[in-house]
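Each chain, written out:
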Amino acid sequence: MVASRAIGSLSRFPVLRILRSRGYICRSFTGSSALLARSHINYGVKGDVAVVRINSPNSKVNTLTKELHLEFVEVMNEIWASDQIRSAVLISSKPGCFVAGADINMLAACKTPQEVVQISQEAQRTFEKLEKSTKPVVAAISGSCLGGGLELAISCQYRIATKDRKTVLGTPEVLLGLLPGAGGTQRLPKMVGVPAAFDMILTGRNIRADRAKKMGLVDQLVEPLGPGLKPAEERTIEYLEEVAVSFAKGLADKTISPKRDKGLMEKLTAYALTIPFVRQQIYKKVEEKVRKQTKGLYPAPLKIIDVVKTGIEQGTDAGYLSESQKFGELAMTKESKALMGLYHGQVLCKKNKFGVPQKEVKNLAILGAGLMGAGIAQVSVDKGLKTILKDATLPGLGRGQQQVFKGLNDKVKKKALTSFERDAIFSNLTGQLDYQGFEKADMVIEAVFEDLSLKHRVLKEVEAVIPDHCVFASNTSALPISEIAAVSKRPEKVIGMHYFSPVDKMQLLEIITTQKTSKDTTASAVAIGLKQGKVIIVVKDGPGFYTTRCLAPMMSEVIRILQEEVDPKKLDSLTTSFGFPVGAATLVDEVGVDVAKHVAEDLGKAFGERFGGGSLELLTQMVSKGFLGRKSGKGFYIYQEGVKSKNLNSDMDSILASLKMPPKSEVSSDEDIQYRLVTRFVNEAVMCLQEGILATPAEGDIGAVFGLGFPPCLGGPFRFVDLYGAQKVVDRLKKYEAAYGNQFTPCQLLIDHAASPSKKFYQ
Amino acid sequence: MTTILTYSFKNLPSTSKWALRFSLRPLSCSSQLRAAPAVQTKSKKTLAKPNIRNIVVVDGVRTPFLLSGTSYKDLMPHDLARAALTGLLHRTNVPKEVVDYIIFGTVIQEVKTSNVAREAALGAGFSDKTPAHTVTMACISANQAMTTGVGLLTSGQCDVIVAGGVELMSDVPIRHSRKMRKMMLDLNKAKTLGQRLSLLSKFRLNFLSPELPAVAEFSTSETMGHSADRLAAAFAVSRLEQDEYALRSHSLAKKAQDEGLLSDVVPFSVPGKDTITKDNGIRPSSLEQMAKLKPAFIKPYGTVTAANSSFLTDGASAMLIMAEEKALAMGYKPKAYLRDFMYVSQDPKDQLLLGPTYATPKVLEKAGLTMNDIDAFEFHEAFSGQILANFKAMDSDWFAQNHMGRKTK
């Protein structure tokens, strides 16, 4: 700090002024000395342009912290005060990240809404001052520009972004149950128009640079450079800076106008929005849509609409006030805490705790070209893995290859890939019917039918042809890995990799280790999963592992509820209104009735009475009639190609009627039905932690939310217990236990947590 | 993808000025070649290889190179190629029956004359018994024609080859859209009126939107100019450096033209128009004038402009190459040996235009030569920013170590 002041006073000396006007020194001089003084931000001067470089210490990304904010204010004040400086460029020193957003921990540490409001208001003030700067400031954006980072960028007079895949702009606050609290809700509608602003703020979607240019979110694009006399990334940032400096000069000289030419459509939209009636219609429409999608479970989107509306209808001052206050309120909500918890969990599950594997997997082989096998192949080839897809039959293989191609081609249609890239990626895939080339495989993932003897057979066949170091991974949802590994010559190389369907959409990968699985094998499996872009939980072996095991008792309850004559449609709406993305009856159809039956039988045998409830007979009858769910066109619902609305399968009536049970009125209210499902799920999850199947509650939450669709607003079963209160969960379970028996008996760990309120899964 | 040919000169001051391709005449350092005295290789007495025939350039000619859309605009590519071939026949008086094979290189093919070498040769009065084929390899298609000829000669398949190149950018094949083409083909096959009508009923107005030949790389969808601008930026080549280099190229070319050194040019009498005797794209300007131009590709802040790039060109060239003993037996005094060549290719996105950097050291090593042995290099490139970037790359140890797998530059 002292040093930085010294610079300030030094610059008043005439000598320096002369040097500056010659314009050849100051950059290294001020730059280096400022570096000594500040840890997050330093700046240098190129001619009459200040180049402000953001560089959070000891981190791969820049985040807006209190320190960074303070230093930024300081630096800007110096720039505004300096006679030599006529304009400024704001740039990050980190490749791949401009500013990734505000520091979540800073918000999480706040105890009261007022503290959060204060943070928001400080940022608002700083950014407003920046917006009104008489010296033009150019934001030079390379890499992620999200949340607070975007709010910073849009407060500048001009934005230049590199046009690469890493450069994304967006306001993801809503995904954490928050809103953009540093003026974003006020500036974005003015910048990109009300409809586009609502879309950005309400969905939190990432916007690529070229799209941002079209929307008017950035003013210029810079193509990333190839290697020159230094590494490509380094030179690209340098080039971005050079271009930004030239624009800053141009803006200061008024040879470049910061105003953008608007297209006809934009002008028309802008005109329409001057009519109050049109605006009201937009608010109404957006609100309807939000209510429909969130079912009132997420407070943030509605508040966002409110804040944007206040800004437009009542002026910016009211808008800022409303923004900061609502921001404070939201930061204190359970939903926000749950979502932030998930965010942290996700970060955790994107790391390899098991170290770097001895041998990197370069050649992958997948057995079985079904939905799963082909899905795994797709997420592997597009990361550059040479992948063999083997199936037993040509039609099966052909179907699988088509699936991979279609998956890639859909990306071409969305312009995420070029057709050339698609073809190059697709050439990583080799389809075959034999074991040719398996001698070079570093990992084999089998995704054949869920049948133990078949899995044994392929394991033996594969072990005859693969090299010693090759990992054998089994993709199964319920068969214990140790039973599969029983016939292996090298059980330390056998592991479970439970993918979720559709593989290219579902983020979760559950990795299952047996007692014999070696650490290196686990490290290898996690490394591959991460490469495939998965969020990974690593669990111990056991019937149903973690995810299937949690789902099974809930499914059993679903059947009982259906037997108690609750209509499948009603059940679906009860579950979705609780926050599940897919209704319970629909879920059975999606998973496949035969699969559900299979799992229910297996786990029923393993866990006995506790997994009972509904009658298996229901599933058995459905399977015998061919009602296998979506894949056969009929389940609880009827599925037709091209028909969106779902109709109940009337042939189910007789099956349901023959198995009907009288509902117990004391536990059959809508709320009770919801909690019967959720508490069985939660109880089983906690039992998995108690038994050591799960290593951490965080993995349990991530697995439940990303693999099974547990309501994200509740943050996962463990977060739910923490936020809802263990005692209340136990009370619910005891109430249902009284009605139905030991399927609802709360597990010991849950009782322990209920007994001492200070005990939390997350401290 | 690029190539460099090294050739040691026999003791002849006038060089073989065959054109490598349509573009870059103004940018190449051709006049230096002429200034070079009789060259003796310094580190090696001879570059002849044991048990391999010596290959010589007997002579070469080219039509004047014109800006696209000027005097050649109503011609077809084989007209230009024919002019070059006729010129070669006149210049060398080679008996047409001794020519074993004719090869031409071209980039954008006219579909009617897809084997343009054959069509041009027939029209130029070569024997109809002489086979001909056409090759393509982007900007170095004509080089590919020459080295294909070298291969035929060294393997003993042939003794006398004519190799050349042609490009007519004034006219390019613009196609109907895929949908329209499909409909037209299907219509051909339709047998009944009903079938035809039902096909026609599927017609949509957007079928008529034409399909232009890609000026961009197929794999990256990037145009060359765009790539050159990025390359110049990657190597921090300034606008001023580029303008200065372009000015130098144009000035040298102008000097060569004025002094009558471009002896490879043969006049071409365009049917119904004047006789063209010289290139019309050599236009030295001033740095001030050049500085006024706006960037042509990366707008508004790029550095590649119309002034520091080559123009789109129409032109053709042809050369006579032979096995040395054949040439001598026929009484020719060859102009040069063709000793060695090297093709390289790199990442089409970021290193598309860095060929010279990779090829130069390789071809020198292959021939057992060092930089000191060479008096003049001739690089044919389309943008001054590009060749300057290549110079910087070749002059960088960092680049050699990190991208070329070499210890030093």
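Predicted model only: the values in this text are computed from it and were never measured.

In many reports, interface size means the accessible area that the parts give up when they come together. Looking at chain B, the domain boundaries give domain 1 (55-169 + 315-337), domain 2 (176-211) and domain 3 (222-258 + 279-310 + 347-404). Here domain 1 of chain B and domain 2 of chain B have C-alpha centroids that lie 40 Å from each other.

Looking now at the packing of helix H23 (residues 547-563) of chain A against helix H25 (residues 584-591) of chain A. All names here are of chain A. Where H23 meets H25, the closest approach of the two axes is 10 Å, and the angle between their N-to-C directions is 115 degrees. In this structure, the crossing between H23 and H25 has a hand that is left-handed. Of H25, the residues touching H23 (which contributes Leu551, Met555 and Val558) are Ala584, Leu587 and Val588. Split by residue class, the contact of H23 with H25 holds six nonpolar, no polar and no charged.

Turning our attention to the UniProt feature "domain: Thiolase C-terminal" (unreviewed entry) in chain B. Taking the UniProt record as the reference, the feature "domain: Thiolase C-terminal" (unreviewed entry) is found at residues 332-405 of chain B. Secondary structure across residues 332-405 of chain B divides into 42% helix and 9% strand, with the first and last C-alpha atoms of the span separated by 44 Å.

Another point: the interface of chain B and chain A. Chain B puts 20 residues into the contact, and the matching count from chain A is 17 residues. Considering only the surface of chain B that becomes buried against chain A, B:Ala234, B:Tyr301 and B:Trp398 emerge as the three largest contributors, covering 36% of it. At the junction of chain B with chain A, the criterion picks out zero salt bridges. Summed over the shared surface of chain B and chain A, the number is five residue pairs in polar contact (both at pLDDT 80 or more). Looking at the side of chain B that touches chain A, the elements that each hand over two or more residues are helix H7 (224-234), helix H12 (384-394) and helix H13 (397-403) of chain B. In terms of residue count, H7(B) provides more of the side of chain B that touches chain A than any other element does, four residues in total. Considered class by class, the residues forming the side of chain B that touches chain A number ten nonpolar, five polar and five charged.

This next bit is on the sheet that holds strand E19 (residues 508-513) of chain A. Residues and elements named next belong to chain A. The eight strands lie next to each other as E15-E14-E13-E16-E17-E18-E19-E20, forming an open sheet whose pairing is mixed. The open sheet has two edge strands with one neighbour each: strand E15 (429-432) and strand E20 (535-540). Across this sheet, the average inter-strand angle for adjacent strands is 25 degrees, counted without regard to direction.

Our focus in this paragraph is H23(A). Residues and elements named next belong to chain A. Along its 17 residues, H23 runs 25 Å from first to last C-alpha, staying within 8% of the 24 Å computed at 1.5 Å per residue. Counted residue by residue, H23 has 17 buried out of 17 residues, so it is predominantly covered. The first or second residue beyond H23 is Glu565, which carries a positive phi of 65 degrees.

For chain A, the assigned domains read domain 1 (41-332), domain 2 (363-542) and domain 3 (547-755). Taking only C-alpha atoms, the centre of domain 1 of chain A and the centre of domain 3 of chain A are 43 Å apart.

With numbering matched to this structure, UniProt assigns "domain: 3-hydroxyacyl-CoA dehydrogenase NAD binding" (unreviewed entry) to residues 364-541 of chain A. For residues 364-541 of chain A, the end-to-end C-alpha separation is 23 Å, with 40% helix and 22% strand making up the annotated structure.

This part takes up a nonpolar patch on the surface. A surface patch of nonpolar side chains, about 370 Å² in accessible area, is lined by A:Leu264, A:Met265 and A:Leu268. Locating A:Met265 in the fold gives a position in helix H12 (residues 264-272).

Under the counting rule described, the total for this entry stands at 25 aromatic pairs over all chains. Judged by centre distance (5.7 Å) and plane angle (75 degrees), the ring pair of B:Phe203 and B:Phe207 falls under edge-to-face. A relative accessible area of 28% means that B:Phe203 is categorised as partly exposed. Every member of this aromatic cluster is reached through a ring pair, and the members are A:Tyr158, A:Tyr239, A:Phe247 and B:Tyr301. Between A:Lys646 and the ring centre of A:Tyr637, over which it is positioned, the NZ or CZ distance is 4.5 Å. The side chain of A:Arg719 reaches across the aromatic face of A:Tyr762, ending 3.7 Å from its centre.

The rules we used
Residues numbered from 1 in each chain as written. Chains lettered and ligands numbered in written order. Predicted model: local features only at pLDDT ≥ 70, side-chain atom pairs only at ≥ 80, totals over all residues. Heavy atoms only, no water. Domains from an automatic or database assignment. Axes fitted to C-alpha atoms, helices over the stretch in contact; angles between N-to-C directions. Helix = DSSP H or I, 4+ residues; strand = E, 2+ residues; numbered from the N terminus. Left-handed = near helix turned anticlockwise from the far one by under 90°. Contact = heavy atoms within 4.5 Å. Nonpolar A, V, L, I, M, F, W, Y, C, P; charged D, E, K, R; others polar. UniProt positions renumbered as here; feature names shortened; annotations may be inferred. Buried area = accessible area lost by both parts, 1.4 Å probe. Salt bridge = Lys/Arg side-chain N within 4 Å of Asp/Glu carboxyl O. Polar contact = N/O pair within 3.5 Å; in protein donor to acceptor, adjacent residues only side chain to side chain. Pairing = 2+ DSSP bridges. Expected span 1.5 Å × (residues − 1). Buried < 20%, exposed > 50% of the residue type's maximum accessible area, 1.4 Å probe, protein only. Patch = residues over 30% accessible without salt bridge, like charges linked within 9 Å, V, L, I, M, F, W, Y side chains within 5 Å. Areas by Shrake-Rupley, 256 points an atom, 1.4 Å probe, with all protein chains shown as cover. Phe/Tyr/Trp six-rings, centres within 6.5 Å; stacked < 30°, edge-to-face > 60°. Lys NZ or Arg CZ within 6 Å of the ring centre and 35° of its normal.

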